[in-house]
Amino acid sequence: MSKITTELLLERAVPKSTRLRKIETLNLSKLQLKTGDLDPRLFSRLRHLQKLDLSDNLLDKFPNSLTLPDLRVLNCNNNQLEDVTALKQFPLLEELNYENNVYLTLNDDYKVMFLLQNLRLLNGKDITKLANHVRRVNSRKLTSKVTAHWEEFFRDQLPEKYTAEQVKSIKKKFLKSVQTNVVYGPSSLSEFTRWRVKMIAEEFLTCSLGLELNTDTETEENVDENEEESAESSKEAAEEEAKVTVTPRKRKRNRSKSRFGRKKSKSQAKTEETVPNPRNSSQEEDDPAPDKARASNEPAEEATPEQGDEGTHKNGEKFPKGQSNRRSSQLTGEQKSQEQDNGVVNLTPVKNSKGKEDISAEPLHFLQCHSKGNSREDFKTQLWSCVFEPLLDCAPRKDPIVSCSRTVATCGGESVCLIDCETGVVLKKYKVATEEFFSVAWTTLPMVISDSRKKSHNILAAAGRRGIVKLIHVAADFCYGEIKAHKKPIATVCFSPTRETHLFTASYDKRIVLWDIGIPDCDYNFKASQLLVLECLSVPLRIALVPTCPEQYLLAGCEEGCFTWNIKLEKEEKSRPFEASFKFPDEEGEMSTSHRVDGLAFLNDDVVVSKSSKPGCIYLWSWSRSFDSKGKGSQRTVSAVILAELEWSTTDLSYLTLSTCPAKLHVFCGDEKGSVWIYHLSNYTTAWSSAKGKHSDKRIPPTQILKWPELRANGDRLSEVYINNVITDPTFTYLVALTSVNITAIWKRS
């Protein structure tokens, strides 16, 4: 490895020089340099250096005292940088590049815009206007919020005469509280917001109140970062939305460029002759056993992060972004007219039908962001799956209220989108031209970043028609690999809640497979392995792990019944038949195992909610009373112990799935008219928990039905809207519905 010496600096100067103090341009790229190689004593002699190229090295940070007082242009592309705050030592910096540093995010862009007052170009883009907004408007808003937080909650806690211990205590409490409760802008910028809030709070305590504080943000002890990260729940939605945003860039390591340029293999280029549609999946034929695990740690060339919050590709090509419309009563006539001219979807809400309890949910955004070929005329793409992103470092917490952010991943057609539910901004978009995505799932992995240190990162798994699972490192905008899991399409995927690398894939090949996806190293090398194969009698449509024993039992709703398997890995069999099938009442009231179960979820640790072929009915039944784990033999048939029935649409249309919000004891299910049926069941659970609880013949009506608003596309009203899926975050702050007409609908609970 090359070490930096005086001779090397003179040799690498452009043009070559005889004196260090005369060097104005220096190229130190491609030398495998690490942070320790940047000797501050040697660099301090480069008093007139204006341009420095450190690209294609191994730097993870900058030393704090390089002393380059005249530096104007800096190139750090293709390194391993984890932090940008040390760049504040170059106050005259005008042009900065640090693309392809996978650990840097949109939050770091905002940090350098604030720290470097003269910065004009960031990664080749003119950020003058945005930087002024960050330095002035953003700072003014946050300062106002920090001041208000002090006045409301802490001013009276400070006595007229205070001791050093009292100052220390109130400082700690205030910094912790203000970083947790002051929010502003989209959730994708929450890290930057907390960083600025802490800085502003320290300045406020020092300048306004005269409290002497240590303002060195590098050495200041962090204020319980885990709590801060987890405490930003959906309830703490920003009072005001940031008006200016930056398009996230695609970042990847330099080593992978050649892989994106390789030709497609025949198997990748070939599309299936028959495309299974979940609306007609019962017609699928049997297929031979899938191949053994074929894992690739190469980036999948088709999975490309395409669109940021402004709908612009990094190469400058413009795409139509998701169309967002707020309640029309909040718009002036001029604003509504402008939206009708510029947008594809126009919203005129219809009042909800009244139930026993008014949920009071406001239609917030209606987005058209999964269009094939980014066409505004696409109202045919079906949207199938959505799931809220977990907050980082919240795994040990038991409280579901702080377990998710307000960012939701959605999939349908050829794309996967990440959406900020509050602002309606499409944060990121991934496309695979030959794919149709059916399911997405999140996990959090402790990835090695450098020097054997680990940091938690959210990983998104996406799968669909091609039987391939894409693994996406969302923070890095990087699809780092794929698992060729099945020969036929994958209907649904889910991660184990107890083992973060364990992924279940349920396929049209009538198999459910458990994979260990492994943990990628700093170069995204990983190894996936097949742990278990569960044999099904028909196509599995929905899967759920039993909350009380998620490492032992899996429940699946299939085309022809509901089944459970023992998934304990200590058992020797790697391929297993089902352990029990469940009987439910049919239309004549007879108990039958022959029914399609296209909706399945747990309401709490014991109550299962399932939707089957009996029209107008959703069943609630007890797992523990239905399944006796001590029963002998496999492939048993048992009767589901029905606790209650929910009144629902009488449609015979299948694959309108349901979901639950266990923390709030709600059930949600869409229908064939675009409505969302909501059931609040907290008043019933006490009776159900009793062993003597009897099933009532009277169906429970919905608490409320959210009617589909009147949406118009090109002047024509959108009709025949099916709600394929509907979910909420754990706090039931946001409700997201996916439709058959390429619209993602977001409601916010008032």
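Residues numbered from 1 in each chain as written. Predicted model: local features only at pLDDT ≥ 70, side-chain atom pairs only at ≥ 80, totals over all residues. Heavy atoms only, no water.

- The protein chain is annotated in an unreviewed UniProt entry as Leucine-rich repeat and WD repeat-containing protein 1 of Phasianus colchicus.
- Word for word, the UniProt comment on the protein chain under Sequence similarities (unreviewed entry) is "Belongs to the LRWD1 family." (UniProt positions renumbered as here; feature names shortened; annotations may be inferred.)

1. As for the packing of helix α3 (residues 106-115) against helix α4 (residues 128-153)
The angle between the axes and the distance between the axes are what describe a pair of packed helices.
Part 1 of the argument: Orientation of α3 relative to α4, taken along the N-to-C sense of each, is 80°, at an axis distance of 9 Å. On the basis of the axis angle, α3 is roughly perpendicular to α4. Together, Tyr110, Met113 and Phe114 of α3 and Leu130, Ala131, Val134, Arg135 and Ser139 of α4 make up the contact between the two elements.
Part 2 of the argument: Tallied by class, residues from the contact of α3 with α4 come to 6 nonpolar, 1 polar and 1 charged. (Axes fitted to C-alpha atoms, helices over the stretch in contact; angles between N-to-C directions. Helix = DSSP H or I, 4+ residues; strand = E, 2+ residues; numbered from the N terminus. Parallel < 35°, antiparallel > 145°, perpendicular 65-115°, else oblique. Contact = heavy atoms within 4.5 Å. Nonpolar A, V, L, I, M, F, W, Y, C, P; charged D, E, K, R; others polar.)

2. Observations concerning the nonpolar core
Part 1 of the argument: Counting 51 residues, the largest nonpolar core has Leu28, Leu52, Phe62, Leu74 and Leu96 as the members making the most contacts within it.
Part 2 of the argument: Secondary-structure elements contributing two or more residues to this core are α1 (6-12), α2 (40-43), α3, α4 and α6 (190-208).
Part 3 of the argument: Broken down by element, this core gets its largest block of residues, 6 residues, from α3.
Part 4 of the argument: Those residues in contact with Leu52, other than ones at most four positions away along the chain, are Leu26, Leu28, Phe43, Leu68, Leu71, Val73, Leu74 and Asn75. (Core = buried A, V, L, I, M, F, W, Y, C linked by side-chain atoms within 4.5 Å. Buried < 20%, exposed > 50% of the residue type's maximum accessible area, 1.4 Å probe, protein only.)

3. A look at the side chain of Ser371
Part 1 of the argument: Of note, Ser371 is situated in the loop between β10 (361-367) and β11 (383-390).
Part 2 of the argument: Assessed through its relative accessible area of 4%, Ser371 is described here as buried.
Part 3 of the argument: In terms of polar contacts, Ser371 uses its side chain to reach the backbone carbonyl oxygen of Ser375, at 3.0 Å.
Part 4 of the argument: Within the structure, the side chain of Ser371 is placed 3.0 Å from the side chain of Asn742, a separation counted as a polar contact.
Part 5 of the argument: Ser371 has contacts with Asp378, Glu414, Lys429 and Asn742, leaving out every residue within four places of it along the chain. (Polar contact = N/O pair within 3.5 Å; in protein donor to acceptor, adjacent residues only side chain to side chain.)

4. Points about the pattern of salt bridges
Part 1 of the argument: The tally for this structure, following the rule as stated, stands at 17 salt bridges.
Part 2 of the argument: Where Glu94 meets Arg120, a salt bridge forms, and the shortest distance between an N and an O atom there is 3.7 Å. Taken together, the residues span a long stretch of sequence, with Glu94 in the loop between β3 (73-75) and β4 (95-97) and Arg120 in the loop between α3 and β5 (121-122) at a distance of 26 residues.
Part 3 of the argument: Of the charged contacts, one joins Asp598 and Lys611 as a salt bridge, the two residues approaching to 2.9 Å between their closest N and O atoms. Of this pair, Asp598 sits in the loop between β28 (591-592) and β29 (599-602) while Lys611 sits in strand β30 (residues 607-611); the two residues are 13 residues apart in sequence, bridging distant segments of the chain.
Part 4 of the argument: By sharing partners, the salt bridges in this structure join Asp70, Arg72, Glu94 and Arg120 into a single network. (Salt bridge = Lys/Arg side-chain N within 4 Å of Asp/Glu carboxyl O.)

5. Observations concerning the pairing of strand β32 (residues 636-639)
Part 1 of the argument: Here β32 shows one buried face, formed by Arg636 and Val638, and one open face, formed by Thr637 and Ser639.
Part 2 of the argument: In terms of strand pairing, strand β27 (residues 580-585) meets β32 through 4 bridges, oriented parallel. Its bridge partner lying in β32, Phe582 is registered against Val638. (Pairing = 2+ DSSP bridges.)

6. Considering unusual backbone geometry
Part 1 of the argument: At the junction of Val14 and Pro15, the peptide bond is cis and its omega measures out at -5° in the coordinates.
Part 2 of the argument: Unusually for a residue other than glycine, Gln32 sits at a positive phi of about 60°.
Part 3 of the argument: Here Gln32 is to be found in the loop between β1 (25-27) and α2.
Part 4 of the argument: In this structure, Tyr524 takes a positive phi of about 65° despite not being glycine.
Part 5 of the argument: Along the chain, Tyr524 falls in the loop between β21 (511-516) and β22 (529-535).

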